[in-house]
Amino acid sequence: MVVIYPGSFDPVTYGHLDIIDRCSKKFDKIVVSVLNNKSKKNLFTIEERVKLLEKVLEKYDNVEVDTFSGLLVDYAKEKNCTTMIRGLRAVSDFEYEMQMALVNKKLEEEIETFFMVARGKYAYLSSSIVKEVAMFGGNISCFVPEIVEIALKEKIKEV
Ligand code: ADP
């Protein structure tokens, strides 16, 4: 079974990586799809986000990194894949995720959204919080792999 794991990944964190690692053992293939949404203000460009993901995921032979823009259901059709993976950290994620899953189902009956519950130790972790800590010079080594940490520090110097 092939699944799509869509998201912004701005940047990828250990929380995302834990979901991907667990999925890699349950599914035949995971397509990690980075959303190219020009209206959303991302710190990293789409190319940078993809490059970081490719580097940190290179050890998996059943994980592919891709990009998409527009509606997830259209992309899913294009990819011939009807199962989406989303992570649930806390109750706060639930409302939005439920809404998205229901809208996607309305748009395309075949689409199924599978939720993976965040591991306790990563339940508080988000790309936004990592960026915030990094902006203030905090230690982010327990939140992201070293290459992401280096890229984030470089990026912060630029902005
Ligand atoms: P988006 O911008 O679409 O919210 P993100 O890049 O933040 O996407 O995350 C992609 C997916 O990964 C979402 O389903 C999100 O809930 C999940 N996710 C993010 N951080 C974690 C984490 N620490 N543990 C588990 N799932 C997570």
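Preceding this section is the structure that the text describes.
Along each chain, residues carry numbers from 1 onward, in the same order as the chain's sequence is written. For a predicted model such as this one, the threshold for reporting local features is a pLDDT of at least 70, and the threshold for listing and counting side-chain atom pairs is 80 or more; totals across whole chains, interfaces and linings nevertheless cover every residue. As a convention, hydrogens and water are excluded, and side-chain values are obtained from all of the structure's heavy atoms.

1. Things to note about the overall build of the chain
The cut-off we apply is this: For helices the rule is a DSSP run of H or I covering at least 4 residues; for strands it is a run of E covering at least 2, with both sets numbered from the N terminus onward. Note on method: radius of gyration uses C-alpha positions; expected globular size equals 2.2 Å times residues raised to 0.38. In what follows, a contact means two residues having at least one pair of non-hydrogen atoms within 4.5 Å. Using a 1.4 Å probe, accessible areas were evaluated by the Shrake-Rupley method; residue-level cover was limited to the displayed protein chains.
Counting secondary structure elements, the chain contains six helices and five strands. Counting helices and strands in the order they occur from the N terminus, the chain gives β-α-β-α-β-α-β-α-β-α-α. Computed over its C-alpha atoms, the radius of gyration of the chain comes to 15 Å, within 12% of the 15 Å expected for a compact globule of 159 residues. With respect to the principal axes defined by its C-alpha atoms, the chain has extents near 45 × 35 × 30 Å. A sequence separation of at least 24 residues applies to 74% of the contacts in the chain between residues at least 6 apart. Total accessible area on the chain is roughly 9,200 Å²; 53% of this is exposed by carbon and sulfur atoms.

2. Regarding the nonpolar core
Short version of the rule: What we call a nonpolar core is a set of buried Ala, Val, Leu, Ile, Met, Phe, Trp, Tyr and Cys residues that are connected through their side-chain atoms within 4.5 Å. Using a 1.4 Å probe on the protein chains alone, a residue whose accessible area is under 20% of its type maximum counts as buried, one over 50% counts as exposed, and one in between counts as partly exposed.
With 35 residues, the main nonpolar core has Tyr5, Val32, Leu53, Leu57, Ile85 and Leu152 as its most contacted residues. When residues of this core are traced back to their parent elements, those giving at least two are β1 (2-7), α1 (14-26), β2 (29-35), α2 (46-56), β3 (63-68), α5 (127-135) and α6 (146-158). No other element matches α2, which puts five residues into this core. In this view, Leu152 contacts Pro11, Leu43, Phe44, Val130, Lys131, Ala134 and Ile140; residues no more than four positions away in its chain are not counted.

3. What about the packing of aromatic side chains?
So the rule is basically this: Here a pair means two rings of Phe, Tyr or Trp (six-membered ring of Trp) with centres within 6.5 Å. Their orientation is stacked below 30 degrees between planes, edge-to-face above 60, and tilted elsewhere.
Tallied over the full model, the rule gives five aromatic pairs. An angle of 70° between the planes, with centres 6.1 Å apart, marks the rings of Tyr124 and Phe143 as edge-to-face. A residue pair is termed long-range when its members are at least 10 positions apart, and Tyr124 in the loop between β5 (112-117) and α5 and Phe143 in the loop between α5 and α6 qualify at 19 residues.

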